[in-house]
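# Inside the fold
If you want the building blocks of each chain, they are given just below.
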Amino acid sequence: MKTVVLGAGSWGTAFAKILGDAGNETVLWARRPEIAMAINANRENPDYLLGTRLGSNVTATTSAAEALDGAEIVVLAVPSQTLRANLADWAPDLGPDATLVSLMKGIELGTTMRMSQVIIETAGVSGDRVAVVSGPNLAHEIAAGQPAATVVACVDMERATQVQDAITTSYFRPYTNDDVIGCELGGAVKNVIALAFGIAHSMGLGDNTKATLITRGLAEIGRLGMALGADQMTFAGLAGLGDLVGTCMSPQSRNRTFGEALGRGQSLEEAQRTTRFTAEGVKSCLAIRDLARAHGVDMPITEQVERVCHEGVDPKVALKTLMSRATKPE
Ligand SMILES: NC(=O)c1ccc[n+]([C@@H]2O[C@H](COP(=O)([O-])OP(=O)(O)OC[C@H]3O[C@@H](n4cnc5c(N)ncnc54)[C@H](O)[C@@H]3O)[C@@H](O)[C@H]2O)c1
Ligand SMILES: O=P(O)(O)OC[C@H](O)CO
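Calculation notes
Residues numbered from 1 in each chain as written. Chains lettered and ligands numbered in written order. Predicted model: local features only at pLDDT ≥ 70, side-chain atom pairs only at ≥ 80, totals over all residues. UniProt positions renumbered as here; feature names shortened; annotations may be inferred. Helix = DSSP H or I, 4+ residues; strand = E, 2+ residues; numbered from the N terminus. Buried ≥ 20, exposed ≤ 12 C-beta atoms within 10 Å, placed from the backbone. Domains from an automatic or database assignment. Contact = placed C-beta atoms within 7 Å. Nonpolar A, V, L, I, M, F, W, Y, C, P; charged D, E, K, R; others polar. Near = placed C-beta within 6 Å.

- Labelled according to an unreviewed UniProt entry, the protein chain appears under the name Glycerol-3-phosphate dehydrogenase [NAD(P)+], originating from Rhizocola hellebori.
- Per UniProt, the comment on the protein chain under Subcellular location (unreviewed entry) is "Cytoplasm".
- According to its UniProt record, the protein chain has this under Pathway (unreviewed entry): "Membrane lipid metabolism; glycerophospholipid metabolism."

See the structure below:
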């Protein structure tokens, strides 16, 4: 099968490796010519995954039209907030029955749309053609061939199975699920909780605090999910608890690392200057807060992360606010 990955960052590159290792002819679209050239010449992405060798069936290009020609599975791996503009450019070259796969873990600013909704609207495709891959999937570990599992969510189970088959390798084990909403919310909101976890870590707070953040973070992910029509069981799975724990616990997580910078007292701008990677939760916390408010859902941790990130609130004040709320049943 011909597959294409649009976006040659860390997860896009690691995902192209998975597709190649699973036996698919895979084209990786890179924005910068020097990245495409380096991948074709040296079989590795020097900027994002140095030391990870891509199979000979993975090639790179800067031409999206060339990459998309004949592709049956089209994987989207760009930052959430640029997806709409990127896909508007690519839409005319999509095959009439190609399956579109979202790797993004974010919510669009302004519209509060999930990524699959942005894809449906921008590419003008029906929802049954859009799948989501989400789970505890830190790109560097997977690129190193460490065993991991994930969830392929699609309302059309035949498409979910098509994607599952295309990405099954000795080190990557995908499960199918028809709960697209739950999988997308799990992936997007865990980034916000990981920011809170990183802040707490830098403040020197211990394991009780961290376990509380994970558990109450999962509670607010679940509340939002239920309000939006997700299946509560999804949040007990890989795309819910699995990804939340994996991201919060990992020093490799960009969201946790960004939170650590905030917890050390850096401003948003200072933290952004010292990091050149995509920490999706930083922008998505605004959209998730708006989505929650629009549905009357209480998301206290998300509210406080947004205040620390975008309103300059001291993490100590945010923590005090969280702890001084009225008590309630669990
Ligand atoms: N890295 C991971 O471990 C991981 C795992 C699972 C999911 N994700 C999700 O995958 C998505 C992509 O993340 P990533 O880790 O590959 O990010 P990244 O920061 O490593 O790379 C982002 C890529 O997008 C490109 N890009 C930046 N701005 C762009 C624009 N305006 N137009 C087109 N391309 C642009 C960059 O050049 C880069 O190739 C995110 O939503 C992230 O949450 C990441
Ligand atoms: O590095 P992060 O924080 O973007 O997390 C990466 C993945 O989403 C983990 O599953």
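## Details of the overall build of the protein chain
- Counting its regular elements, the protein chain contains 15 helices and eight strands.
- Judged by the C-alpha coordinates and their principal axes, the protein chain covers about 55 × 40 × 35 Å.
- Evaluated residue by residue, the protein chain yields a buried proportion of 53% over its 330 residues.

## Topic: the domain arrangement of the protein chain
- Examined at the domain level, the protein chain breaks down into domain 1 (2–178) and domain 2 (181–323).
- At the junction of the two partners, domain 1 supplies 25 residues and domain 2 supplies 27 residues.
- The set of elements that each furnish at least two residues to the side of domain 1 that touches domain 2 consists of α5 (115–123), β6 (130–134), β7 (148–153) and β8 (172–177).
- Here the side of domain 1 that touches domain 2 is composed, by residue class, of eleven nonpolar, eleven polar and three charged.

## Regarding the site of ligand 1
- Close to ligand 1 lie 24 residues, the nearest being Gly9, Trp11, Met104, Ala139 and Thr278.
- Here the shell around ligand 1 takes three residues from helix α1 (residues 10–21), the largest share from any one element.
- Among the residues making up the shell around ligand 1, the classes are represented as eleven nonpolar, ten polar and three charged.

## So, the environment of Gln117
- With respect to the helices and strands, the residue Gln117 is situated in helix α5.
- Its 18 C-beta neighbours within 10 Å are what place Gln117 among the partly exposed residues.
- The spatial distance from the C-alpha of Gln117 to the C-alpha of Gly246 is 26 Å, given a sequence separation of 129 residues.

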